[in-house]
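Examining the three-dimensional arrangement
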Amino acid sequence: MTLVDGTVPTAAPTPRSTRAPFALLGTLQVTLIFTLAAVAVPLPRIGHEFGLRREDLILLSAAYGLTFAGLLLFGGRLADRYGGRRALTAGLLLFGAASAAAPFAPGYAALLAARFAQGAGAALIAPAAMAVLRTLFDSPTAYGRAMATWGGLSILGATAGNLLSGVISALWSWRWAFAVPLAVTVAALALAPRILFRPGTTPAQEHPGVPDRPGHLVRPALDLPGALLATAGLTSTSYGLVLTDAWPWHSGRVLGPLAAGVVLLAAFLAVERRTHDPLLPPRFLLDGRRALGLVATALTAAGTATVFVLFSLHLQDGRDWSALRTSVAFTPFAVALIASSRVAGRLVGRYGAAAVTRAGLVTGAGGLTSLALFGLDTGVPYAYGVLPGFVLLAAGAAASFAGAAVLSTDRVPVERTGLAGGVHNTAMETGPTVVFALVLAVGGDAASLAAIAALFGTAAVALRLARP
């Protein structure tokens, strides 16, 4: 720990003053996940324009997520050490600059670099936004309600990314998809000083820190060895899993990054056990509710991401639909998601986060099972084969994300909010990569969906058996 001068922050604003800040922070969270999916549908067009090989497209598709997931823990530590205001501003500047450069990329290398830089900026913004969010609510109950709503924002961003990227690329060019994150970033930089940061406060005052004695705050050390090992380990492991889409598990291209990632993550755990102020305290993950919340987050993100990928390909290749028609086909998913998200937050307050998460996982499992049985059959019309599964999965995902977001951040000290945000978002980003790679090994598309449905059910049972 490093001792610095500072003052204990003033009381958080009243609930009526939180609507505009929450809307701004929520829009940022949606945009971060929108950007993750922005090149998913138009990826074939990008490959044709730049003459890319399959492995190039895989890396381009994964670039944003690799740096986003790899740097989230360090981004959370920076938010806890320097305050949400500074970390958020720095992340917005980097994210905005990369979003401005991406549409003007003359070739593959420039676009790839811009995607990596976008992910690095997002890794600062996501935990910093949660750190700032925590300062807006002066009671655990109010913060819990906010987190229940926050939980559904990421899946909304993923849905919007798949929907709008296809529409934009069909009507104009894939390059225009980057106008969305750029516009949101510029607006956030302009509005944040007036909406998020109270007049007359300093960045140090907005960061709660840990009171050591009157007039002083203790801030966490950076733990650079842990940050380097965690970033390298997560990135290498994720990259190896991404490559399983093109090469078999036993190939050197896959085993090399996977082995390196496992070694690096093992070294990270060893270093964290000996560090006085670790980047990720081992006890942080020992809380049963928090661990199950993170598992539910990872699985729900994996289930929805898998459906987006498989059905984007199925509708275009299997049913010969255009990219525009494919994007429109996901509209009912978005509508069901938004409607369910509005209800999920209230259900968490009434029945508890664990119960709502369980219900969401069971409902989502039903949607995945329906899609596995009927959705991939080209002989079954969309309205009977795909649509019911989409609606069920969207409703389940909204409930699961809402409850899991509360479980993941429950009982977290204020000074660890950035860490909680980093861990929560890491689960959300790495879950799809890990689960998707694993289920693809079990067989075809229907078997993959059925396997994820089984994982949903297993997690629901674990939550039922866990202590409250």
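Residues numbered from 1 in each chain as written. Predicted model: local features only at pLDDT ≥ 70, side-chain atom pairs only at ≥ 80, totals over all residues. Heavy atoms only, no water.

**Quick notes on the overall build of the chain**
Of regular secondary structure, the chain possesses 19 helices and three strands. When the 468 residues of the chain are sorted by exposure, 57% land in the buried category. For the chain, the share of sequence-separated contacts (at least 6 apart) that also reach a separation of at least 24 residues comes to 84%. Only carbon and sulfur atoms are counted for the fraction: they give 67% of the accessible area of the chain, which is about 18,900 Å². (Helix = DSSP H or I, 4+ residues; strand = E, 2+ residues; numbered from the N terminus. Buried < 20%, exposed > 50% of the residue type's maximum accessible area, 1.4 Å probe, protein only. Contact = heavy atoms within 4.5 Å. Areas by Shrake-Rupley, 256 points an atom, 1.4 Å probe, with all protein chains shown as cover.)

**Considerations on unusual backbone geometry**
Despite not being glycine, Asp320 has its phi angle at roughly 60°, a positive value. Mapped onto the fold, Asp320 is located in the loop between helix H12 (288-318) and helix H13 (323-329). A relative accessible area of 67% means that Asp320 is categorised as exposed.

**Let's talk about the pattern of salt bridges**
For the structure shown, the criterion picks out one salt bridge. With a shortest N-O distance of 2.8 Å, Arg175 and Glu49 are connected by a salt bridge. Of the two residues, Arg175 sits in the loop between helix H7 (153-171) and helix H8 (179-195) while Glu49 sits in helix H2 (residues 43-50), which places them 126 residues apart along the sequence. Taking the relative accessible area as the measure of exposure, Glu49 reaches 42% and is therefore partly exposed. (Salt bridge = Lys/Arg side-chain N within 4 Å of Asp/Glu carboxyl O.)

**Let's talk about the nonpolar core**
Core analysis: the biggest nonpolar cluster contains 111 residues, and Leu25, Phe68, Trp150, Phe311 and Phe390 have the highest contact counts within it. When residues in this core are grouped by element, the largest group, twelve residues, is from H12. When residues no more than four places from it in sequence are discounted, the contact partners of Phe68 are Leu32, Ile33, Gly119, Ala122, Ala123, Ala126 and Glu429. Listed in part, the 26 residues of the second largest apolar core include Leu43, Phe50, Ala63 and Leu258. (Core = buried A, V, L, I, M, F, W, Y, C linked by side-chain atoms within 4.5 Å.)

**Brief notes about the side chain of Thr304**
Its place among the elements puts Thr304 in helix H12. Its relative accessible area of 4% is what places Thr304 among the buried residues. Here the side chain of Thr304 touches Thr300 through a polar contact of 3.0 Å, landing on its backbone oxygen. The residues contacting Thr304, other than those within four sequence positions of it, are Ile155, Phe333, Leu393 and Ala397. (Polar contact = N/O pair within 3.5 Å; in protein donor to acceptor, adjacent residues only side chain to side chain.)

**Observations regarding the layout of surface pockets**
By volume, the largest pocket amounts to about 1,400 Å³. Considering the residues around the largest pocket, the lining is formed by 46 residues, among which Ala40, Ser61, Ala305, Val309 and Phe436 are closest to the centre. Looking at the lining of the largest pocket, the elements with two or more residues in it are helix H1 (19-36), H2, helix H3 (54-82), H7, helix H10 (224-243), H12 and helix H18 (417-440). Element by element, the count of residues in the lining of the largest pocket is highest for H12, at eleven residues. Of the residues that constitute the lining of the largest pocket, the class distribution is 29 nonpolar, twelve polar and five charged. Along its surface, the second largest pocket is lined by 18 residues, and Leu234, Leu280, Leu285, Thr426 and Thr430 are the ones closest to its centre. (1 Å grid on protein atoms, 1.4 Å probe; cavity = no way out; pocket = protein on both sides within 12 Å on 5 of 7 lines; lining within 4 Å. Points joined across faces, edges and corners; volume = space filled by probe spheres on them. Nonpolar A, V, L, I, M, F, W, Y, C, P; charged D, E, K, R; others polar.)

**Description of H10**
In an α-helix, one turn spans 3.6 residues, which is why side chains three or four residues apart end up on the same side. Spanning 20 residues, H10 covers 28 Å between terminal C-alpha atoms, matching the ideal 28 Å at 1.5 Å per step. Burial of H10 is extensive: 14 of the 20 residues sit out of reach of the surface. (Expected span 1.5 Å × (residues − 1).)

**Let's talk about the packing of H1 against helix H5 (residues 108-135)**
Look at H1 against H5: their axes get within 10 Å of each other, and the N-to-C directions meet at 150°. Between H1 and H5, the crossing angle belongs to the class labelled roughly antiparallel. Where H1 crosses over H5, the two elements pack in a sense that is left-handed. Only Arg115, Gln118, Ala122, Ile125, Ala126, Ala129, Val132 and Leu133 of H5 make contact with H1, whose side of the interface consists of Phe22, Leu25, Leu28, Gln29, Leu32, Thr35 and Leu36. (Axes fitted to C-alpha atoms, helices over the stretch in contact; angles between N-to-C directions. Parallel < 35°, antiparallel > 145°, perpendicular 65-115°, else oblique. Left-handed = near helix turned anticlockwise from the far one by under 90°.)

**Considering the environment of Ala109**
By the secondary structure assignment, Ala109 is in helix H5. On a C-alpha basis, the gap between Ala109 and Leu60 in space is 9.4 Å, while along the polypeptide they are 49 residues apart.

**Structural notes on the packing of aromatic side chains**
Here a ring pair, both rings aromatic, is described through the centre-centre distance and the interplanar angle of the planes. A complete count under the given rule lists eight aromatic pairs for this structure. Geometrically, the ring pair formed by Phe308 and Phe333 is edge-to-face, given 5.3 Å between the ring centres and 65° between the ring planes. With Phe308 in helix H12 and Phe333 in helix H14 (residues 331-351), this residue pair connects regions lying 25 residues apart in the sequence. Given a relative accessible area of 0%, Phe333 falls into the buried group. Here the aromatic rings of Phe311 and Phe390 are separated by 5.7 Å at their centres, their planes lie at 75°, and the arrangement is edge-to-face. In this pair, Phe311 is assigned in helix H12 and Phe390 in helix H17 (residues 387-409), connecting sequence segments 79 residues apart. Phe390 carries the same exposure label as Phe311, and that label is buried. (Phe/Tyr/Trp six-rings, centres within 6.5 Å; stacked < 30°, edge-to-face > 60°.)

**A look at H1**
Counted at 1.5 Å a residue, the expected span for H1 with its 18 residues is 26 Å, and the 26 Å between its end C-alpha atoms agrees. The element H1 is largely enclosed, with a buried count of 13 among its 18 residues.

**Here we look at a nonpolar patch on the surface**
Together, Leu171, Trp172, Trp176, Leu324 and Val328 make up an exposed nonpolar region whose accessible area comes to about 570 Å². The residue Trp172 is located in the loop between H7 and H8 in this model. Taking the relative accessible area as the measure of exposure, Trp172 reaches 59% and is therefore exposed. (Patch = residues over 30% accessible without salt bridge, like charges linked within 9 Å, V, L, I, M, F, W, Y side chains within 5 Å.)

**Considering the side chain of Thr297**
Tracing the sequence through the fold places Thr297 in helix H12. If we ignore the near neighbours within four places in the chain, the residues touching Thr297 are Phe401, Ala404, Ser408, His424, Ala427 and Met428.

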